[in-house]
Amino acid sequence: MKKVAVMLMVVAILSGCKKDNEIKKTEEVIRPVRYITVGKSIENQKRIFPGVIKSSVETGLSFRVSGKIEQINYVAGNIVKKGAVIASLDKKDIDIQLQTVKAAVNSAKASVKSSEAGIAQAKAGEKKALEDFTRIRKLFENGSIAKSEYDAAKAEKERTISSVEQAESQLKAAQAQVEAQEKQYEMVQLQLDYTNLISPADGVIAEKKAEVNENVQAGATVFILNSGKGLNVEVNMPETVINDVKIGQNVSVEVDAVKNSILTGKVIEVAKSSIGSSGTFPVKIEITSGIEMLKPGMSAKVIFVNTAKKQERTNVLFIPTTAVNKDYNGKNFVFKINKVENGIGILAKTEISYGEVNERGVEVINGISVGDMIVTSGIDLLIDGQKVKVPVVEVK
């Protein structure tokens, strides 16, 4: 009896497992997918490059001498007038130099006065010696005095002449010293003047790059001044399209801060060489409309049309980049949804070839047609022939 009972139990268990398997086989999971319906479009080879709006005249301001910043009078966003003192350096050391040189100038001027007095005294002595010599020479010629007196008068005359020449030489040296010290004074005065950073034009402070008590080197940019009335955008373009960009070319400009507005611009500069190792070429665009809504520093997108191909092409098919995958053989494919009935479709793995890839997606050359339904996401998890749920409204 026990053996019979055990056998009946085993049969019951096996029978239950069989029913579970049958239930699992009947419960097929059908997942929904996102898709688009392929349509025709016109491709005009639009290219978009990001940039930043800048003033048409942007000047880096720097001190002409090194020192510690003592005062800052303007910050970013402030309006400044030409001649305004934007910032100042500590002047103590230069003030000391100025006073030292000024004392040297005064000392040199005193030497000039002393030399001038010496010349006057020497010339007075010379005059007297000449008068005495003239009188004694006449007496000597008449035999009224001895030769020794004549020789003494002659020697005195020559000595006074030499004294005048020496005094005049000393005056010239003193005057040269005054001139040298005055030039030195002017140089130090300029150094003192250079401790003030003066605005070269009316404008707006775009950026402040230093703080009070910070030591700065001569020539190091501490402020950026926007002084131009116009606005530009500079973008970096790859070598594949740079030869199609021409000065005077019209472009469109989109600015995130200005909603629903397409501005116009014109290319005014095209670089002749690339920058660094990036292989890109700077291109400067002048904004020709809507500048009253813009400010330097805003981000912008510059739209170039037909930079790669000159003619528009019609009936071009584009699909999202997320719809394309590559199989183990290196072939590109998409999943088309076929035989849609009652919201259920069957996937067909379809090989494609594509051309351009731009902001609109992937340009499909062959493999799909207008009206095809293409899966746009999660294609790594799908297989050929799989059933999927197809929403009534396409989901990209």
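Residues numbered from 1 in each chain as written. Predicted model: local features only at pLDDT ≥ 70, side-chain atom pairs only at ≥ 80, totals over all residues. Heavy atoms only, no water.

1. Topic: the overall build of the protein
Consideration 1: A count of helical and extended segments in the protein gives four helices and 25 strands.
Consideration 2: Of all intrachain contacts in the protein linking residues separated by at least 6 positions in sequence, the fraction that spans at least 24 positions is 73%.
Consideration 3: Only carbon and sulfur atoms are counted for the fraction: they give 52% of the accessible area of the protein, which is about 24500 Å². (Helix = DSSP H or I, 4+ residues; strand = E, 2+ residues; numbered from the N terminus. Contact = heavy atoms within 4.5 Å. Areas by Shrake-Rupley, 256 points an atom, 1.4 Å probe, with all protein chains shown as cover.)

2. Quick notes on the pairing of strand β6 (residues 67–72)
Working note: regular strand, side chains alternate between the two faces of the sheet.
Consideration 1: Both β6 and strand β11 (residues 215–216) contribute to a ladder of two bridges, which runs antiparallel. Counted as the bridge partner of Gly67 is Val216 from β11.
Consideration 2: By the bridge criterion, three bridges tie β6 to strand β8 (residues 85–89) in an arrangement that is antiparallel. In the sheet register, Gln71 faces β8, and the bridge partner there is Ser88. (Pairing = 2+ DSSP bridges.)

3. Overview of the sheet that holds strand β14 (residues 250–255)
Consideration 1: Around the barrel, which closes on itself, the six strands sit in the order β4-β13-β16-β15-β14-β17 with antiparallel pairing between neighbours. Across the sheet, the mean angle from the axis of one strand to that of its neighbour is 40°, orientation sign disregarded.
Consideration 2: Relative to strand β17 (residues 299–304), β14 runs antiparallel, the two sharing four bridges. Residue pairing for β17: Ser252 is matched across the bridge by Ile303. (Axes fitted to C-alpha atoms, helices over the stretch in contact; angles between N-to-C directions.)

4. A short note on unusual backbone geometry
Consideration 1: A positive phi angle, near 75°, is found at Asn213, a position not held by glycine.
Consideration 2: Following the sequence through the fold, Asn213 ends up in the loop between β10 (203–208) and β11.
Consideration 3: For Asn213, a relative accessible area of 54% translates into the label exposed.
Consideration 4: Phi is positive for Lys339, close to 50°, though the residue is something other than glycine.
Consideration 5: Inspection of the secondary structure puts Lys339 in strand β20 (residues 332–341). (Buried < 20%, exposed > 50% of the residue type's maximum accessible area, 1.4 Å probe, protein only.)

5. A few points about the packing of aromatic side chains
Consideration 1: This structure, assessed with the given rule, holds four aromatic pairs.
Consideration 2: Ring centres 5.6 Å apart and planes at 40° place the aromatic pair Phe133 and Tyr150 in the tilted group. On the criterion of sequence distance, the pair formed by Phe133 in helix α2 (residues 92–141) and Tyr150 in helix α3 (residues 147–193) is long-range, its members being 17 residues apart. Assigned by exposure class, Phe133 and Tyr150 land together as buried.
Consideration 3: Pairing Phe140 with Tyr150 gives two aromatic rings, centres 4.7 Å apart and planes at 20°, and the pair type is stacked. Note that Phe140 is positioned in helix α2 and Tyr150 in helix α3, a separation of 10 residues in sequence.
Consideration 4: Exposure remark for Phe140: the relative accessible area of 29% places this residue in the partly exposed category.
Consideration 5: Clustering of aromatic rings is evident, with ring pairs tying together Phe133, Phe140 and Tyr150.
Consideration 6: Looking at Lys157, its charged tip hangs above the ring of Phe133, at a distance of 4.5 Å from the centre. (Phe/Tyr/Trp six-rings, centres within 6.5 Å; stacked < 30°, edge-to-face > 60°. Lys NZ or Arg CZ within 6 Å of the ring centre and 35° of its normal.)

6. So, the pairing of strand β4 (residues 47–55)
Consideration 1: Bridge analysis of β4 against β17 gives six bridges, and the strand direction is antiparallel. Paired with Val52 across the bridge in β17 is Ser299.
Consideration 2: Two elements, β4 and strand β13 (residues 231–238), share four bridges in a ladder whose sense is antiparallel. Bridge pairing links Lys54 to Asn232 in β13.

7. What about the pattern of salt bridges?
Consideration 1: This model, assessed by the stated rule, comprises 11 salt bridges.
Consideration 2: A salt bridge links Glu182 to Lys109; the nearest nitrogen and oxygen atoms lie 3.7 Å apart. Of the two residues, Glu182 sits in helix α3 while Lys109 sits in helix α2, which places them 73 residues apart along the sequence.
Consideration 3: When the shortest N-O distance is used, the salt bridge between Asp372 and Lys336 registers 3.8 Å. You can see Asp372 sitting in the loop between β23 (361–366) and β24 (373–375) and its partner Lys336 sitting in strand β20, a full 36 residues away along the chain. Each member of the pair, Asp372 together with Lys336, is buried.
Consideration 4: Residues joined in a network through salt bridges with shared partners are Lys128, Asp132 and Arg135. (Salt bridge = Lys/Arg side-chain N within 4 Å of Asp/Glu carboxyl O.)

8. Some points on the sheet that holds β8
Consideration 1: The sheet built from four strands is open, its strands ordered β9-β8-β6-β11 with antiparallel pairing. On the outer flanks of this sheet lie β9 (196–198) and β11, each paired with one strand and no other.
Consideration 2: Strand direction decides the pairing type here: β8 and β9, joined by three bridges, are antiparallel. Its bridge partner being in β9, Ser88 is matched across the sheet by Asn196.

9. Considering the confidence of the model for the protein
Consideration 1: Looking at the protein, the pLDDT average stands at 83 and 86% of residues meet or exceed 70.
Consideration 2: Highest mean pLDDT in the protein belongs to β8 (96); lowest belongs to helix α1 (residues 2–26) (49).
Consideration 3: The low-confidence segment residues 22–26 (pLDDT under 50) makes zero contacts with residues lying over four places distant or belonging to another chain.
Consideration 4: Long-range and interchain partners of residues 307–312, a stretch whose pLDDT sits below 50, account for 15 contacts in this model, where long-range means more than four residues apart. (pLDDT = per-residue confidence, 0-100.)

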